[in-house]
Amino acid sequence: MTATPTLPPDETRRAVGAPIQDTRGDKIALACIYTALGLFCLAVLYPIVYVLSASVSNTKRVAAGEVWLWPVGFTLDAYKAIFDYDAIVSSFGNSVYYAVVGAVVATVLTLLAAYPLSRKGLPGKGFVMAAFVFTMMFSGGMIPTYLVVDQLGLLNTRWAMILPTALAVWNVIITRTYFMVTIPEELVEAGKVDGCSDFGFFWRVVLPLSKPIIAVNLLFYAVGQWNSFFNALIYLTNEHLFPLQVVLRQILIQTKVDPAQMPDTSKLAQLKELQQQLKYSLIVIGMIPPLLVYPFVQKHFVKGAMIGSLKG
């Protein structure tokens, strides 16, 4: 008689479809993972909750350190004061403009640069790619860049916030890799056989298949533009063109409130009293647009970023 082979306990359970019991080591590892993730989430969420609570709490209670988690002495005076401060309202509109227009312009340039570089038949593709990568490691510096912007007549214009940073080489590399993975050469040849031109193929075939990477680029560029303030400090002197981040910087760092921006001077004293609370409310307003946009592109974001980073 031949002996019946015996399987280890876990494989026997798996063969009959029974659940596998975790060992003591597995339970300890799982507990450590959940604990680490919980602490990480707490470290991320607590500052957001605190800032939100402080923005709707009584100013004196916040200054006294009584606000830890929940609002104390609920009030919306800081948010009401924001709409009475002209610089904040106009700068918010400027930031929205820079984020939307800048993201669209940068994404278009990225797609137009990445797609030709993803095709094998492009003459001089290696040299062009090397030139792109070179700019990631070396740059002309701040003063030459300022002189170029000045010579182009972009100083004190909205384009000064958009064109100098309109193309990120890293995004070009990710987008190029996405095209190499998802748009095979056989598909390009099939398009040529059907009489489709290069631009026609790009418009009718490539773009419809590239929604994930387009969403990734739009999100990257929009968030970068929304958080940008350094270019505004260099290229802009007209306060009507300042983005929200510059006004927020003035209030957070310079503790500056311009009386000329207050149409009702009787509210200036109240605004100065609310200045500490105003900082928190401005941070909340600065967080809202990215938080609102991300859920709509999240389903494309993960797919586009992962496929675009598979291989170079």
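Everything here concerns the structure above.
All values reported here derive from a predicted model rather than from experimental measurement.

Reading guide: rules and limits
- Residue numbering note: each chain is counted from 1, following its sequence as written.
- Local features in a predicted model are, by the rule used here, given only for residues with pLDDT of at least 70; side-chain atom pairs are given and counted only at 80 or more, and totals for whole chains, interfaces and linings are based on all residues.
- With hydrogens and water stripped out, all remaining heavy atoms of the structure feed into the side-chain values.
- Only rings of Phe, Tyr and Trp enter the pairing, Trp through its six-membered ring, and a pair is recorded when the two centres are within 6.5 Å. The plane angle decides the type: under 30 degrees is stacked, over 60 is edge-to-face, the rest tilted.
- Type-normalised accessible area, obtained with a 1.4 Å probe on protein chains alone, sets the label of each residue: buried when under 20%, exposed when over 50%, and partly exposed for intermediate values.
- Helix and strand assignments come from DSSP, with helices taken as H or I runs of at least 4 residues and strands as E runs of at least 2, each series counted from the N terminus.
- We call a charge positioned over a ring when the NZ of a Lys or the CZ of an Arg lies within 6 Å of the ring centre and within 35 degrees of the ring normal.
- Only one rule defines a salt bridge in this text: a Lys or Arg side-chain nitrogen within 4 Å of an Asp or Glu carboxyl oxygen.
- Exposure above 30% relative accessible area and the absence of a salt bridge qualify a residue for a patch, where like charges join within 9 Å and nonpolar side chains (Val, Leu, Ile, Met, Phe, Trp, Tyr) within 5 Å.
- Accessible areas in this description were obtained via Shrake-Rupley with a 1.4 Å probe; residue shielding takes into account the shown protein chains only.

Visitor: With reference to specific residues and values, describe the packing of aromatic side chains.
Guide: Each aromatic ring pair is specified by the distance between its two centres and by the angle formed by the two planes. Tallying each qualifying case throughout the model produces nine aromatic pairs. On the basis of an interplanar angle of 75 degrees and a centroid distance of 6.1 Å, the ring pair of Y97 and Y98 is categorised as edge-to-face. Overall, the relative accessible area of 1% leaves Y98 in the buried class. When the ring of Y115 is compared with that of F179, the centres are 5.6 Å apart and the planes differ by 85 degrees; the resulting orientation is edge-to-face. Pair noted here: Y115 is in helix α5 (residues 86–118) and F179 is in helix α8 (residues 169–182), with a separation of 64 residues, a long-range link. Note on F179: relative accessible area 0%, which makes it buried. Within the aromatic cluster, the residues linked to one another by ring pairs are Y115, Y178, F179 and F202. Residue placement shows R158 over the ring face of Y97; its charged tip is 5.1 Å from the ring centre.

Visitor: So what's going on with the environment of R61? Which residues, and what values?
Guide: Along the chain, R61 turns up in helix α3 (residues 59–63). The sequence separation of R61 and G73 amounts to 12 residues, and the corresponding C-alpha distance is 7.4 Å.

Visitor: Go over the pattern of salt bridges, please, and point to the residues and values.
Guide: For the coordinates displayed, the defined rule picks out one salt bridge. We note a salt bridge from E185 to R119, for which the minimum N-O separation is 3.0 Å. With a gap of 66 residues between them, E185 in helix α9 (residues 185–193) and R119 in the loop between α5 and α6 (125–137) connect regions that are remote in the sequence. Owing to a relative accessible area of 21%, E185 belongs among the partly exposed residues under this scheme. Using a relative accessible area of 11% as the deciding quantity, one classes R119 as buried.

Visitor: Account for the side chain of T75, with residues named and values stated.
Guide: Examined against the element boundaries, T75 turns out to sit in the loop between α3 and α4 (77–84). On the accessibility criterion, T75 (14% relative accessible area) is buried.

Visitor: Report on unusual backbone geometry, specifying residues and quantitative values.
Guide: Notably, N156 is not glycine yet its phi reads approximately 60 degrees, a positive angle. By the secondary structure assignment, N156 is in the loop between α7 (142–151) and α8. N156 sits in the partly exposed class, given a relative accessible area of 34%.

Visitor: Just give me the short version of a nonpolar patch on the surface, but keep the residues and values in it.
Guide: A surface patch of nonpolar side chains, about 1,200 Å² in accessible area, is lined by L39, F40, L42, V44, L45, Y46, I48, V49, W68, L69 and W70. By the element assignment, L39 lies in helix α2 (residues 24–55). Classification of L39 by relative accessible area gives exposed; the value is 56%.

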